[in-house]
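What follows is each chain in one-letter form.
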Amino acid sequence: GAVVSQHPSRVICKSGTSVKIECRSLDFQATTMFWYRQFPKQSLMLMATSNEGSKATYEQGVEKDKFLINHASLTLSTLTVTSAHPEDSSFYICSASPGTDTQYFGPGTRLTVL
Amino acid sequence: GENVEQHPSTLSVQEGDSAVIKCTYSDSASNYFPWYKQELGKRPQLIIDIRSNVGEKKDQRIAVTLNKTAKHFSLHITETQPEDSAVYFCAASQGGKLIFGQGTELSVKP
């Protein structure tokens, strides 16, 4: 149990375009979902926390207008990277929590912006 | 806010030896401390966790210890195997939000 999926797994886009990443909890309801980014050989950096039906809470330094988060249901959250630039290239990982401390991670999305 | 420091950044051991990774945290309000294993290009996988009301927890070859007074916790892996090679992250949780350490790249040589 506690499976989290993410789509797409890889995306390559041109600079200036927007990219949407979906995160789904497949077998449980996620009261809270989290979005992280991870650069090569670095740790996971929390970008934002989202609760179903309410606005996401962004970490300091993360631009909310650039990284749009929507948590439309208890099983789906989306992250849209707007007007992507090469410096946005990274590994984006979501996690979902069923209301406990435990977070279950998605497989990640490798974004490359040309 | 919470800050988590993890050491060492790299660790190389011979197969069968033990490996120890240590973390310290800054916020005494943190009450949940998970450890994740991440293989290259894959998702972090929870391997063990401990809550602040417990001092030690063991699961087969893996154990975690917590010293609340000193605000540090450690991961112990015994009888290491090549498949234990990966990056390990500790984390501290405050109100559901995880703050991660910098990671330890463990290499187990056959």
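Residues numbered from 1 in each chain as written. Chains lettered and ligands numbered in written order. Predicted model: local features only at pLDDT ≥ 70, side-chain atom pairs only at ≥ 80, totals over all residues. Heavy atoms only, no water.

### Some points on the interface of chain B and chain A
Frequently, the measure chosen for interface size is the accessible area that the parts lose on association. What counts here: Contacts are assigned to residue pairs with any non-hydrogen atoms lying within 4.5 Å of each other. Computed with a 1.4 Å rolling probe, the buried area is the accessible surface lost when two parts are put together, summed over both parts. Salt bridge, as used here: a side-chain nitrogen of Lys or Arg that lies within 4 Å of a carboxyl oxygen of Asp or Glu. Two N or O atoms count as a polar contact when they lie within 3.5 Å, although within protein this holds only if one can serve as hydrogen donor and the other as acceptor, and sequence-adjacent residues are included solely when both atoms are side-chain atoms. Residues are sorted three ways: Asp, Glu, Lys and Arg are charged, Ala, Val, Leu, Ile, Met, Phe, Trp, Tyr, Cys and Pro are nonpolar, and all the rest, Gly among them, are polar.
Tallying the contact residues gives 19 residues for chain B and 20 residues for chain A. For the chain B and chain A pair, buried surface summed over both sides reaches about 1500 Å², with 50% attributable to carbon and sulfur atoms. Ranking the residues of chain B by area buried against chain A places Arg 43, Lys 97 and Phe 100 of chain B at the top, with a combined share of 32%. Taken together, the links from chain B to chain A amount to two salt bridges. Two residues, Glu 59 of chain A and Lys 97 of chain B, come together in a salt bridge whose shortest N-O distance is 3.2 Å. Scanning the region where chain B abuts chain A turns up nine residue pairs in polar contact (both at pLDDT 80 or more). Looking at the side of chain B that touches chain A residue by residue, the class counts come to seven nonpolar, six polar and six charged.

### Some words on the state of the cysteines
Formally: The term disulfide is used for any two cysteine sulfur atoms that are within 2.5 Å. In this text, helices come from DSSP runs of H or I with a minimum length of four residues, and strands from runs of E with a minimum of two, each type numbered from the N-terminal end. To sort residues, take the accessible area from a 1.4 Å probe on protein chains only and compare it with the maximum for the residue type: under 20% means buried, over 50% means exposed, and anything in between is partly exposed.
For the structure shown, the criterion picks out two disulfides over all chains. Note on cysteine connectivity: Cys 23 of chain A is disulfide-linked to Cys 94 of chain A, with sulfurs 2.0 Å apart. Between Cys 23 of chain A and Cys 94 of chain A, the S-S torsion sits near 80°, and that sign places the bridge as right-handed. Of this pair, Cys 23 of chain A sits in strand β3 (residues 19–25) while Cys 94 of chain A sits in strand β9 (residues 90–97), and the two are 71 residues apart along the sequence. Like Cys 94 of chain A, Cys 23 of chain A is buried. A disulfide bridge connects Cys 23 of chain B with Cys 90 of chain B, and the sulfur atoms are separated by 2.0 Å. Around the S-S axis, the bridge from Cys 23 of chain B to Cys 90 of chain B shows a dihedral of about -100° and counts as left-handed. In this pair, Cys 23 of chain B sits in strand β3 (residues 19–25) while Cys 90 of chain B sits in strand β9 (residues 86–94), placing the two residues 67 residues apart along the sequence. Take Cys 23 of chain B and Cys 90 of chain B: they sit in the same class, and that class is buried.

### Here's the deal with the sheet that holds strand β1 (residues 4–7) of chain B
Within a sheet, adjacent strands bond to each other through the backbone by hydrogen bonds, running parallel or antiparallel. All names here are of chain B. Formally: Strands were regarded as paired on the criterion that DSSP finds at least two bridges between them. Axes, fitted as lines to C-alpha atoms, cover a helix only where it is in contact. Angles between the N-to-C directions of the axes lie from 0 to 180 degrees.
Reading across from one edge, β1-β3-β8-β7-β6 is the order of the five strands in this open sheet, with antiparallel pairing throughout. With one partner strand each, in any of the chains shown, β1 and β6 (56–59) form the two edges of the open sheet. When the angles between neighbouring strand axes are averaged without regard to direction, this sheet yields 15°. In the sheet, β3 pairs with strand β8 (residues 72–77) via six bridges, with the strands oriented antiparallel. If you follow Val 20 over to β8, its bridge partner there is His 76.

### A few points about the pairing of strand β10 (residues 97–100) of chain B
All names here are of chain B. Side chains Leu 98 and Phe 100 of β10 all project onto a buried face; the interleaved residues Lys 97 and Ile 99 project onto a face where none is buried. In this sheet, β10 lies alongside β9 in antiparallel orientation, the contact comprising four bridges. Paired with Ala 92 across the strands is Ile 99, a residue of β10. Two successive antiparallel strands, β9 and β10, enclose a turn made up of two residues, where Gly 95 displays a positive phi of approximately 65°.

### Comments concerning the pattern of salt bridges
All names here are of chain A. Scanning all chains against the criterion turns up seven salt bridges over all chains. A salt bridge links Arg 24 to Glu 22; its shortest N-O distance comes to 3.4 Å. A relative accessible area of 34% means that Arg 24 is categorised as partly exposed.

All quantities given are derived from atomic positions and should not be read as evidence of function.
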